[in-house]
Amino acid sequence: MTDVVSYERHGTIGVITVNNPPVNALSVGVRRGIVDSLSRGLADGAATALVIMGGGRTFIAGADIREFGQPLAPPDLNEVIAWFEDSPKLVVAALHGTALGGGLEVALGCHYRCAVGSAQVGFPEVKLGLLPGAGGTQRLPRLIGVEPALPIIAGGDPLPASKAQALGIIDEIVAGDLRDGAVAFAARLVAERRPLRKISASDGKVLTARSTPGLFDAFRGSIERQARGYFAPFRCVEAVQAAVTLPFAEGLRRERELFLECMQSPQSRAQIHAFFAEREVTKIPDVPKETPTQPIMTAAVIGAGTMGGGIAMNFANAGIPVQVVEAAQTALDRGIEVIRNNYAATVEKGRLTQADMDRRLALIHGTLAWDAVADADIVIEAVFEEMGVKKEVFARLDRICKPSAILATNTSTLDVDEIATATARPEKVIGTHFFSPANVMRLLEVVRGAKSSKETIATVAELARRIRKVWVLAGNCDGFIGNRMLAGYLREAAFLVEEGASPEQVDKVIYDFGFPMGPFAMSDLAGLDVGWRIRKGKAATRPTTQRYSPVADRLCERGRFGQKTGAGWFRYAPGSRTPRPDPEVEALIVASARAQGIERRAVSDDEILERCIYPLINEGARILEEGIALRPSDIDIIYIYGYGFPPYRGGPMYYADTLGLKRVYDDIAAYHRAHGEFWQPAPLLTRLAEEGKGFRDLARA
Ligand SMILES: NC(=O)c1ccc[n+]([C@@H]2O[C@H](COP(=O)([O-])OP(=O)(O)OC[C@H]3O[C@@H](n4cnc5c(N)ncnc54)[C@H](O)[C@@H]3O)[C@@H](O)[C@H]2O)c1
């Protein structure tokens, strides 16, 4: 008997309890322990039935991810589950917390399942590029039918207990104490002489599916867009298909093969990297978890434009009352109307109740009176991107706000330290860089000013958690992490079209790589005027010897601001978001190339990919060396959550490691020889390449 699993009898029912904190992961010790406890229960003459449950805060929440990729020590989980299923005494799984992955598979090996109302069940494996590999894909469709099983297995989202009960995954919801309830439930099943239900032996539901050919193709079609580029979701479908076409034992073997294919795919490794990166990203060495935070009870947002409105919704969604201050009534009315319409659209889709919408709207107070911010615990400024305006706003906030209030800026490019000089509380000034649309995008770059206090950082971190953002700490520099890297990506995209590629070719290469859209469609979506205004501000300081593509400026001069004006790099039919190539743009590109003496040529897809992605990596290396980002994996998180970098490639820095930094360095050095200064290899990249190392070695240092 291992100490992570215990056996005790309660009346006539033997109870097996897993105690492997924090989440009762199915490590080898747990697998051995539950087998030993099962034997004890079977040998216990006074036990008429058995219950398996988790100690602490959850049932078994899944496999032990630390054991992934290593040869698994016996017993194999499939064997463990078979022993439970074949048990001559009735076994009930009693669920609370999260019964996920291998945990749910164990539960499906039991004859019956009960749960507390707050429990969740699910198969999240697909999110790590895997599939349930211990019978989940064979038993779940047998239990609840193929159609409901497919989205659970190939989608990976957990289900609440009520839904699981409605589907038949859970037989009984227990009110009150779970152990008492489960023991009573098991005793009742015995008293009623209920059969030992072996899911593996009940083929009825999978047989029905045989008469619905086309079911699997239809499901594949339904996930095609969302799962584009991913390997695992389609293997999940194949595994469920095996449950329909093969006898149970053969289906299990097929599931195992598919599981191993997933496990050995580079995608799974990349997705597991992203999983751990997300857990690590909030660890700030000099701002430990115990750092004191200020309570945030009320908030204010300055500016009700594109970003201000979305930011205000974040507060309201978390139940935090928020004052929204505008300069003019028309702008305020428009801003509040956009918020209302956003909520209404969510209600329409059935993802929010009208009552919740009303509650949230009631938390948002629009006003022109600045005094309204006097009591706010935090103020987030989202006015025009101009230093003069920002400083004026911060000076005013500093006068009006209570001394303890945190003053945050949503600037995307301006110097947070300079903004802080407009106040007498630079330690309370910080950047909170949201991504558009701010009520949807999960990423938040928290920009640490030179004087931002640890308490300010910790408070914003806690707030980010409450408003359910994935936050990443960034240093203060032009563009912070994400946009600073993006500059090179967009620059090369523009150069490539001047050299002979078309915007649609570039966008297709990037789309096929796995981004939701290419650089030109993305620029059209964000609005070309934003960058135009920034470039105009910097025009005076741009070295005249540097290559500069004026095409985007020419587009703006013609009023082509992107989707919002129906034209940008592409043309958009009224009411459509589909980019169409535009001969007018082609003419501008050709003219720009001619003016610069560029001879246009056929540009290969490979060159497009390298010239767009390598600048991300090279600039990322500089950002790491300067300490603007704490870890390479932080950069990966920013790109996955903020820019749509395909998670199955792990983020730009991880992707660079998979290519090998020597190769990346050699290619960048070759582009440097061909194209000059923009391609100067970053010193850190050079060093790592010379030492035969990867960014991953940095993380361990
Ligand atoms: N749009 C984006 O994608 C995006 C993304 C991240 C960050 N940002 C940053 O967010 C900030 C706001 O950008 P946006 O796109 O929401 O701009 P926007 O033009 O849509 O909104 C700005 C709003 O601020 C109001 N405003 C201007 N001066 C004001 C003042 N003195 N007092 C009160 N209100 C004032 C304006 O009336 C306007 O409604 C900028 O710093 C921008 O760089 C924008």
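Everything quoted here is computed from the prediction, not taken from an experiment.

A word on the overall build of the protein
1) Next: Broken down by element type, the protein carries 30 helices and 17 strands.
2) Next: Against the 2.2 N^0.38 benchmark of 27 Å for 701 residues, the protein shows a C-alpha radius of gyration of 29 Å, consistent with a compact globule.
3) Next: Out of the 701 residues in the protein, the part that is buried amounts to 53%.
4) Next: Counted over contacts in the protein with a minimum sequence separation of 6, partners at least 24 positions apart contribute 73%.
5) Next: Taken as two groups, the 82 positive and 83 negative side-chain charges of the protein have centres that lie 2 Å from each other.

Concerning the sheet that holds strand β7 (residues 120–122)
1) Next: Spatial ordering of the open sheet is given by β5-β7-β8, a layout of 3 strands whose pairing is mixed. Since the sheet does not close on itself, it has two edges, and those belong to β5 (98–100) and β8 (159–160), each with one partner.
2) Next: Sheet analysis places β5 next to β7, joined by 3 bridges and oriented parallel. Looking at β7, one finds that Thr98 is bridged to Gln120.

Digging into the site of the ligand
1) Next: What surrounds the ligand is a group of 22 residues, the closest being Met307, Glu326, Glu385, Lys390 and Ser412.
2) Next: Here Thr306 contributes a backbone N or O atom positioned 3.0 Å from an oxygen atom of the ligand.
3) Next: One of the side-chain N or O atoms of Ser412 is found 2.6 Å from an oxygen atom in the ligand.
4) Next: Considered on its own, the ligand offers 830 Å² of accessible surface; in the complex 80% of this is hidden by protein.
5) Next: Secondary-structure elements contributing two or more residues to the shell around the ligand are α13 (306–317), α16 (387–400) and β15 (429–434).
6) Next: When its residues are assigned to classes, the shell around the ligand shows 11 nonpolar, 8 polar and 3 charged.

What about the side chain of Asp582?
1) Next: Looking at where Asp582 falls in the secondary structure, it is placed in the loop between α23 (551–557) and α24 (583–595).
2) Next: Within polar-contact distance, the side chain of Asp582 engages the side chain of Arg560 at 2.7 Å.

Focus: the domain arrangement of the protein
1) Next: We note that the domain assignment places domain 1 (5–266), domain 2 (299–480) and domain 3 (483–700) within the protein.
2) Next: Distance between the C-alpha centres of domain 1 and domain 3: 45 Å.

Quick notes on the packing of aromatic side chains
1) Next: Using the criterion set out here, one finds 14 aromatic pairs in the structure.
2) Next: Summarising the aromatic geometry, the rings of Tyr671 and Trp679 are spaced 4.9 Å apart at their centres and angled 35 degrees between planes, so their arrangement reads as tilted. Here the two residues Tyr671 and Trp679 agree in accessibility, since each one is buried.
3) Next: Grouped by ring-pair contacts, the aromatic residues Tyr489, Phe513, Phe515, Phe645 and Tyr655 constitute a single cluster.

Remarks on helix α3 (residues 102–109)
1) Next: Taken across its 8 residues, α3 has 8 buried, putting it largely inside the fold.
2) Next: Buried within α3 we find Gly102, Gly103, Leu104, Glu105, Val106, Ala107, Leu108 and Gly109.

Examining the pairing of strand β13 (residues 378–381)
1) Next: Of the two faces of β13, the one holding Ile378 and Ile380 and the one holding Val379 and Glu381 are both buried throughout.
2) Next: Inspection of the sheet shows strand β10 (residues 299–302) paired to β13 by 4 bridges, in the parallel sense. Bridge pairing in β13 links Ala299 to Ile378.
3) Next: Of the pairings in the sheet, the one linking β13 to strand β14 (residues 406–409) comprises 4 bridges and is parallel in character. Note that in β14 the partner of Glu381 across the bridge is Thr409.

With respect to the nonpolar core
1) Next: Core analysis: the largest hydrophobic core is formed by 89 residues, its most contacted members being Ile34, Ile52 and Leu95.
2) Next: Looking at this core element by element, the count peaks at 8 residues for helix α10 (residues 232–245).
3) Next: Those residues within four positions of Leu95 in sequence are excluded, and the remaining contacts are Phe59, Ala107, Cys114, Ala115, Val116, Ala119, Val121, Ile170 and Leu178.
4) Next: Among the nonpolar cores identified, the runner-up in size contains 88 residues, and Met387, Leu486, Ile589 and Ala656 belong to it.

A look at the pattern of salt bridges
1) Next: Applying the stated criterion across every chain, the model contains 50 salt bridges.
2) Next: Ionic pairing is found between Glu238 and Arg254, a salt bridge with its closest N-O pair at 2.9 Å. Of the two residues, Glu238 is situated in helix α10 and Arg254 in helix α11 (residues 248–264); the sequence distance between them amounts to 16 residues.
3) Next: Residue class for Arg254 comes out partly exposed when judged on its relative accessible area of 24%.
4) Next: Arg601 is the salt-bridge partner of Glu499, the closest N and O atoms lying 2.8 Å from each other. Separated by 102 residues along the polypeptide, Glu499 in helix α19 (residues 482–499) and Arg601 in the loop between α24 and α25 (605–625) bring together distant segments of the chain.
5) Next: Shared partners join several salt bridges into a network, and the residues in it are Arg491, Glu492, Glu498, Glu499, Arg547, Arg601, Glu607 and Arg611.

Here's the deal with the sheet that holds strand β4 (residues 90–95)
Hydrogen bonding along the main chain pairs the strands of a sheet, whether they run parallel or antiparallel.
1) Next: A sheet is described by the order of its strands in space; here 6 strands give the open sequence β1-β2-β3-β4-β6-β9, paired in mixed fashion. In the strand order of this sheet, the two ends are held by β1 (5–10) and β9 (172–174), each with one partner. Taken pair by pair, the neighbouring strands of this sheet meet at an average axis angle of 25 degrees, ignoring direction.
2) Next: In this structure, strand β3 (residues 49–54) lies alongside β4, joined through 5 bridges in parallel fashion. Residue pairing across strands places Ala49 opposite Leu90, the latter belonging to β4.

Concerning the environment of Phe515
1) Next: When you line up the elements, Phe515 lands in the loop between α20 (503–513) and α21 (519–526).
2) Next: What makes Phe515 buried here is its relative accessible area of 3%.
3) Next: Spatially, the C-alpha atom of Phe515 lies 19 Å from that of Gln563, the residues being 48 residues apart in sequence.
4) Next: If sequence neighbours within four positions are ignored, Phe515 has contacts with Arg228, Ile510, Ile613, Tyr643, Gly644, Phe645 and Pro646.

Reading guide: rules and limits
Residues numbered from 1 in each chain as written. Predicted model: local features only at pLDDT ≥ 70, side-chain atom pairs only at ≥ 80, totals over all residues. Heavy atoms only, no water. Helix = DSSP H or I, 4+ residues; strand = E, 2+ residues; numbered from the N terminus. Rg over C-alpha atoms; globule rule 2.2 N^0.38 Å. Buried < 20%, exposed > 50% of the residue type's maximum accessible area, 1.4 Å probe, protein only. Contact = heavy atoms within 4.5 Å. Lys, Arg positive; Asp, Glu negative; His and termini not counted. Charge placed at Lys NZ, Arg CZ, Asp CG, Glu CD. Pairing = 2+ DSSP bridges. Near = heavy atom within 4 Å. Polar contact = N/O pair within 3.5 Å; in protein donor to acceptor, adjacent residues only side chain to side chain. Areas by Shrake-Rupley, 256 points an atom, 1.4 Å probe, with all protein chains shown as cover. Nonpolar A, V, L, I, M, F, W, Y, C, P; charged D, E, K, R; others polar. Domains from an automatic or database assignment. Phe/Tyr/Trp six-rings, centres within 6.5 Å; stacked < 30°, edge-to-face > 60°. Core = buried A, V, L, I, M, F, W, Y, C linked by side-chain atoms within 4.5 Å. Salt bridge = Lys/Arg side-chain N within 4 Å of Asp/Glu carboxyl O. Axes fitted to C-alpha atoms, helices over the stretch in contact; angles between N-to-C directions.

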